Every structure is written in C-alpha cells, then in structure tokens.
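So the chains spell out like this:
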There are 2 protein chains.
Amino acid sequence: MVHNGIEYGDMQLIAEAYDLMRHGVGLSTREIREIFEEWNQGELRSFLVEVTARVVDFPDDQEGGDGPLIDKILDRAGQKGTGRWTSAAALDLGVPVPTITAAVDARLLSSMTEQRQRASGLYRPPVIGFAADRRETVHRVRAALYAAKICSYSQGFSLLAAASQARGYEVELAELARIWKAGCIIRAAFLDEIRAAFGRDATLESLLLDASVRDAVASRVATWRSVLSLGVELGRPLPALSASLAYFDSFRSARLPANLIQAQRDYFGAHTYERTDREGTFHTDWSAE
Amino acid sequence: MVHNGIEYGDMQLIAEAYDLMRHGVGLSTREIREIFEEWNQGELRSFLVEVTARVVDFPDDQEGGDGPLIDKILDRAGQKGTGRWTSAAALDLGVPVPTITAAVDARLLSSMTEQRQRASGLYRPPVIGFAADRRETVHRVRAALYAAKICSYSQGFSLLAAASQARGYEVELAELARIWKAGCIIRAAFLDEIRAAFGRDATLESLLLDASVRDAVASRVATWRSVLSLGVELGRPLPALSASLAYFDSFRSARLPANLIQAQRDYFGAHTYERTDREGTFHTDWSAE
C-alpha cells in the first residue's frame, strides 16, 4: 500500500510542476507536452511522466470541443483511500511522510469545489507576474521535481523499513525497488538508484543518507529553493513541493526549534526535557527567575 | 481532542518564527523575548506567546550553567499522541488539516536525532546570509505568524464542524471558542474573532470565508509570502508556515491542477473524470489521437 502513497506524491509533484509551468510561467500545453517528453528521456524517466506527456496536450474528444482536453476536466481528484491509508499507517508508526500526506490533502482540497469558488472571489492572486527566463525556469522546475521526488521516496522507503521492522515482514527494499520497476504505476528510472542504494547498505535508514542520492539532491537544492520561492511569490499552490523541502531542511538540520517546544511543554505541563550537555530528565521552576 | 491538534500547530508555528528570527535574522534570545512580549500585547496575544516570552531567554538553571537555558534543551519534542489523533481523525473524515499534520511530523522529525546529525554532515546549509532589514523582517514574521495561525485554526474548525456533523454532536462553534478562551492552552485573543465569525454565521464552512477574517488574512498575504521565501532561501525549515500557505493558496484557487491528476488516473486506471462544461462522467480513449 505504501506504493500507492508514493504514487500520490509523484502525481501531486508532477501536477504542481505542470501548474507552475502552465499558469506561472505561462507555457502552452503543447510546450509542456514537449517538456515532459524531454524529461522522460532523463533522470525523471517514469511511467507517470510519460503519461503526463500523453494526456497534457490531448485534444478535447467531445463533439464540438476544441482546445486541450485537460482544460475541460474538472479539477476534483478522486481517491480510493490508499493514499490516506499510507498517511494513517505512517502516523501510527510515527514515521513522517509529509509529501505523501500533502498529496492526500491536496486531493481533499481539490474536492472542496464550492468553497474554493467562493474563496477565489474573496482573495485575489498576487499581482506580480512572471518575469524570469522561461527556458531557465523550466530547467529549474525539472531539478526541483527530481529533488522533491527523491525526498518523497525517501519518506516512503523509511515508512516501509519501519513497517517491515514493526511487523516482522523482513522486506528487502532493494528487491522491492526491482519488483516495482518491473511493472507498477510508479515504475521509474529512479528505482534503479534506490535499488543500488539499498544494495550498498541493506539497513540504510534513509535514502537521503546514501552518498549517491546525496549528490543528486545536494546539486539541486539551491535551484529547488528558487523554484519554491517563485511559486510562493506567484501564488501557485505547491503543497507537495514545499512539504518535501521542509522535510529535507528539517532532516539535514542538526538542531531544530523543538527545544522551544520542549520548554513550552515543561512550562505549562511539567512534561520535563532532556539536555544537550548532560544525561537525565530535567524540569525547570520557570517562576524562579 | 481537536484542541490539542490546534495547539500543536500553534506551538510549531511559534517555534518556526523563533527559529527564523534566531538563526535566520540572527537575533539574541533577549531580543526575541522582547519581541514576543510586544506581540503578546496585540493580535497575537495568547497564552502560548506569553509562555514563549517567559521561556525563551530564561537563564540556564543548572550548577555552573550559563547562557540561555533554551540552548541547552535537547531539540527532541515529545508527544502524547493527541496531535497524531487529530491528524488521523481528519484523514478519516476527509478534512485536510495540513498545518496540524506538519506540526505532528515536525515533532517526529525532531526525534530522529541520530539520522539528523548524520545528514547535517552530508548537506551544507545555503551559503546565503541574511541581508534584509532586521526590524522590518521581525514585523513581517509577526504578520506571517498571524496569517498562518488563522489558516491553522480554519483547518481545525472545519474539522470540528465535519466531526460534529458526522457524529451528530451539534457542537456550537461560537460557544466552543468562548469556552476555549476561558482557560485552555490555546486561549488567545484570536478566539474572540472566531467566536464573532461563528456568531455572524453558525453554519460558516470555513473561517477563511468570513469577511472579517478575510481582511485579516488578505492584508498579510504578501508579507507572509516574503517571509516564507526568506526562510526557504536561508534554509530554515518552515513546515507549518509553508503548509499553511499552501493550504491558503489551494483554498483560494478556483482551479487546481487536480485536472491533470484526473487525466492521469483515467489514462492508467480508467477511473473516469467529470468535465467543467457538461454533466456526467467521462472516459477518454487516450490512444485515439
């Protein structure tokens, strides 16, 4: 089932890349089709990128219809519940999968059609228009998509490892990557990278800790940041792309502001905290100063 | 229990604001204490902002300790499970609460201490330093925190409304806001705004659709975007602040890229889709072009 959670993440990330290029950069569906065709020749090669190229510029097939079919399709994404199941299982196991959950939430939000219509009348989009170089921006979106995808898969495989351990499944993750490559919806070139990573270290706790994956992400992070900033400024909703970056920035931070949360919890609930410089559990008399 | 989910969101948003001011802008704990004291006199007035002012610059209380205690507290946030419960209940009811879930995930990530230490050695933070006006940035962080908080409460109250309806509780949301104001951890000036909003319309589907709440958010959105961009460029992890903005941008969008997701689903699974221009359920023969 985790497969389907990862699939949700992939589809949402691709949808955000499409949205940014279409409504942020202002490209046509024809141009976007060519871009996805090109992407499908490289590191992003995957069934879902191929499908995107096939559907994004497909002509309206209704009698009297014209223009791309995609513009006539209602933006209300269905779900059969497998994505939600993955998010719920992750919560249960205590494994963060923010990109997958963002993708589930994005589908739920897409279904709130009537509320969104009303809200769109109340809130205007930013007045700032796209002013950067189109070609360069497309190049950047490609890098952002790949880095965000890696972080999403990293979450999914950490969940698989935790579930396997908790339930005694003894899943071989390298083998799983091989099987998925053979014919499922998320089949992709990137699964070879995953297989290689778990082949190098079967007990790898996170894909992001593999040296080769690390290079793939590290070389794209600055670009990824610029893409997210662009989307934020233009008002394009990028829930999965931003959840992936927040996951990455949290994961690579030796220190997080959770120390403040621990202080707050000790203040109002005497929940105690640990210290960085000595063993033990501590409680402070916060009224003592 | 939704109360605790909202509390998680509040605490995480405050922690992100603290982190950005401390490690992004480079302010001292003394300065940040004064900022939270000032914020506690205005629209952000709340028990948790007051607590933050009290703990953030509290001196180390251990024998021989010096400097602020906060710097010695281990950044591993505990949780008793009520936040997770809120996220799980929301998934179950199909209500998106991305800010609350981001706060739960942030605590989970904070507990991955050993992996984070290793990752921090593999990935360098951005080399860009803070170069904007400090005073102006603090002002902006205040606006971002308030807008993000409103979006988080909007999610929480939408969840309450859905739960109340699904389970026949008939919760009066205006009354609930009054009760929460009286003495719980999330007691805050903002609950008066919520009470007023549900007083004006007891069936309000989303706080973001209330005219007064709308003005409070709309007047801060541009600033909020700039704060998030700053954090993204500086590499500060802002999971809740960015989840709130993505929620807002999705919610206020009359059209989302879920049409692409529907096209993909119809392509590989014949899941069918709806159209914007005519009634019914449609399936396309994607091989026909």
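Residues numbered from 1 in each chain as written. Chains lettered and ligands numbered in written order. Predicted model: local features only at pLDDT ≥ 70, side-chain atom pairs only at ≥ 80, totals over all residues. Heavy atoms only, no water.

Draft legend 1. How the structure looks around the overall build of chain A. Secondary structure summary: chain A contains 13 helices and 0 strands in total. Along chain A, helices (α) and strands (β) appear in the sequence α-α-α-α-α-α-α-α-α-α-α-α-α when read from the amino end. On the principal axes, the C-alpha backbone points of chain A span a range of 75 × 50 × 35 Å. Relative to its 289 residues, chain A shows a buried fraction of 60%. Total accessible area on chain A is roughly 11,000 Å²; 46% of this is exposed by carbon and sulfur atoms. (Helix = DSSP H or I, 4+ residues; strand = E, 2+ residues; numbered from the N terminus. Buried < 20%, exposed > 50% of the residue type's maximum accessible area, 1.4 Å probe, protein only. Areas by Shrake-Rupley, 256 points an atom, 1.4 Å probe, with all protein chains shown as cover.)

Draft legend 2. Focus on helix α6 (residues 113-122) of chain A. Taken together, the buried positions of α6(A) are occupied by Thr113(A), Gln115(A), Arg116(A) and Ala119(A). Buried residues along α6(A) cover an arc of 155° about the axis, so they all sit on one side. Packing partners of the buried residues in α6(A) comprise α5 (98-110) of chain A together with α12 (239-251) of chain B. (Arc of directions from axis to C-beta. Contact = heavy atoms within 4.5 Å.)

Draft legend 3. Quick peek at the interface of chain B and chain A. Contacts between the two partners involve 119 residues from chain B and, on the opposite side, 118 residues from chain A. Overall, the association of chain B and chain A removes approximately 11,000 Å² of surface from exposure, summing both partners, and the carbon and sulfur fraction of that is 63%. Its largest share of buried area at the contact with chain A, chain B owes to Leu91(B), Tyr123(B) and Arg252(B), together 7% of the area lost on that side. The interface formed by chain B and chain A holds 6 salt bridges in total. Its salt-bridge partner being Arg275(B), residue Asp60(A) comes within 2.8 Å of it at the nearest N-O pair. There are 46 residue pairs in polar contact (both at pLDDT 80 or more) connecting chain B and chain A. Per-element tally for the side of chain B that touches chain A: the top contributor is helix α13 (residues 258-269) of chain B, with 10 residues. (Buried area = accessible area lost by both parts, 1.4 Å probe. Salt bridge = Lys/Arg side-chain N within 4 Å of Asp/Glu carboxyl O. Polar contact = N/O pair within 3.5 Å; in protein donor to acceptor, adjacent residues only side chain to side chain.)

Draft legend 4. Structural detail: unusual backbone geometry. Residue and element names in this part refer to chain A. Positioned with a positive phi, alanine 270 is a non-glycine residue whose angle comes to about 50°. Here threonine 272, not a glycine, exhibits a phi torsion of approximately 65°, which is positive. Here threonine 272 shows up in the segment after α13 (258-269).

Draft legend 5. Highlighting the environment of Trp85(B). Residues and elements named next belong to chain B. On the secondary structure map, tryptophan 85 appears in helix α4 (residues 82-93). Overall, the relative accessible area of 38% leaves tryptophan 85 in the partly exposed class. Taking the C-alpha atoms as reference, tryptophan 85 lies 18 Å from serine 111; in sequence the two are 26 residues apart.

Draft legend 6. Spotlight on the side chain of Arg252(B). Secondary-structure assignment places Arg252(B) in the loop between α12 and α13. Within the structure, Arg252(B) has its side chain in polar contact with the backbone oxygen of Gly235(A) (distance 2.7 Å). Setting aside its immediate chain neighbours within four residues, Arg252(B) contacts Ala119(A), Ser120(A), Tyr123(A), Pro125(A), Pro126(A), Gly235(A) and Arg225(B).

Draft legend 7. Spotlight on the relation of the copies chain B and chain A. By a simple turn and slide, chain B fits onto chain A: the slide is 0.0 Å along the axis, the RMSD is 0.0 Å, and the turn is 180°. What the rotation and shift describe, once combined, is the action of a two-fold rotation axis. Every residue of chain B has its C-alpha some distance from the rotation axis, and the shortest such distance is that of Ser229(B), at 2.5 Å. Taken together, the interface assignments show that 99% of the residues at the interface of chain B recur at the interface of chain A, consistent with an identical surface on both copies. (Least-squares fit on C-alpha atoms with pLDDT ≥ 70 in both.)

Draft legend 8. Just the packing of helix α7 (residues 134-167) of chain A against helix α11 (residues 221-234) of chain A, in detail. Residue and element names in this part refer to chain A. Taken N-terminus to C-terminus, the directions of α7 and α11 make an angle of 105°; their axes are 8 Å apart at the nearest point. Relative to α11, the element α7 is oriented roughly perpendicular. Contacts from Thr137, Arg140, Val141, Ala143, Ala144, Ala147, Ala148 and Cys151 in α7 reach Thr223, Trp224, Ser226, Val227 and Leu230 in α11. Counted by class, the contact of α7 with α11 contains 9 nonpolar, 3 polar and 1 charged residues. (Axes fitted to C-alpha atoms, helices over the stretch in contact; angles between N-to-C directions. Parallel < 35°, antiparallel > 145°, perpendicular 65-115°, else oblique. Nonpolar A, V, L, I, M, F, W, Y, C, P; charged D, E, K, R; others polar.)

Draft legend 9. Spatial organisation of the pattern of salt bridges. This structure, assessed with the given rule, holds 46 salt bridges over all chains. Asp249(A) is the partner of Arg225(A) in a salt bridge, and the nearest nitrogen-oxygen pair spans 2.8 Å. Highlighted residues: Arg225(A) in helix α11 and Asp249(A) in helix α12 (residues 239-251), separated in sequence by 24 residues. Among the salt bridges present, the one from Arg33(B) reaches Glu37(B), with a minimum N-O distance of 3.1 Å.

Draft legend 10. Looking closely at α11(A). Taking 1.5 Å as the rise per residue, α11(A) with 14 residues should run 20 Å; its terminal C-alpha atoms sit 20 Å apart, in good agreement. Where burial is concerned, most of α11(A) is hidden: 10 out of the 14 residues are buried. Of all the positions in α11(A), only Val221(A), Trp224(A), Arg225(A), Ser226(A), Val227(A), Leu228(A), Ser229(A), Gly231(A), Val232(A) and Leu234(A) are classed as buried. Each element contacted by the buried residues of α11(A) is listed here: α1 (2-25), α7, α10 (211-218) and α12 of chain A together with α11 (221-234) and α12 of chain B. Once α11(A) ends, the next one or two residues include Gly235(A), with phi positive near 80°. (Expected span 1.5 Å × (residues − 1).)

Draft legend 11. Spatial organisation of the side chain of Ser242(B). Counting through the fold element by element, Ser242(B) comes out in helix α12. The contact partners of Ser242(B), leaving out residues within four places of it in the chain, are Ser242(A), Ala246(A) and Leu228(B).

Draft legend 12. Structural detail: the packing of helix α1 (residues 2-25) of chain B against helix α2 (residues 29-39) of chain B. Residues and elements named next belong to chain B. At a closest axis distance of 10 Å, the pairing of α1 and α2 adopts a crossing angle of 135°. Viewed along their axes, α1 and α2 adopt a mutual orientation that is oblique. Crossing handedness for the pair α1 and α2: right-handed. Note on element contacts: α2 touches α1 through Thr29, Ile32, Ile35, Phe36 and Trp39, opposite Ile14, Ala17, Tyr18, Met21 and Arg22. Of the residues contributing to the contact of α1 with α2, the split by class is 8 nonpolar, 1 polar and 1 charged. (Left-handed = near helix turned anticlockwise from the far one by under 90°.)

Draft legend 13. Quick peek at the environment of Ser46(A). All names here are of chain A. Residue position: serine 46 is located in the loop between α2 (29-39) and α3 (47-56). Of the residues examined, serine 46 reaches a relative accessible area of 8% and is grouped as buried. Remark: the alpha-carbon pair of serine 46 and arginine 187, spanning 141 residues in sequence, is separated by 5.8 Å. Excluding its chain neighbours within four sequence positions, the residues that come into contact with serine 46 are Asn40, Lys149, Arg187 and Ala188. From its side chain, serine 46 meets the backbone nitrogen of valine 49 in a polar contact 3.2 Å long.

Draft legend 14. Summary view of the nonpolar core. Judged by nonpolar contacts, the single largest core of 90 residues is most densely connected at Trp39(B) and Phe157(B). Here the element with the most residues in this core is helix α7 (residues 134-167) of chain B; it accounts for 13 residues. Within the second largest apolar cluster, 89 residues are counted, among which are Leu20(A), Tyr146(A), Ile186(A) and Ala263(B). (Core = buried A, V, L, I, M, F, W, Y, C linked by side-chain atoms within 4.5 Å.)

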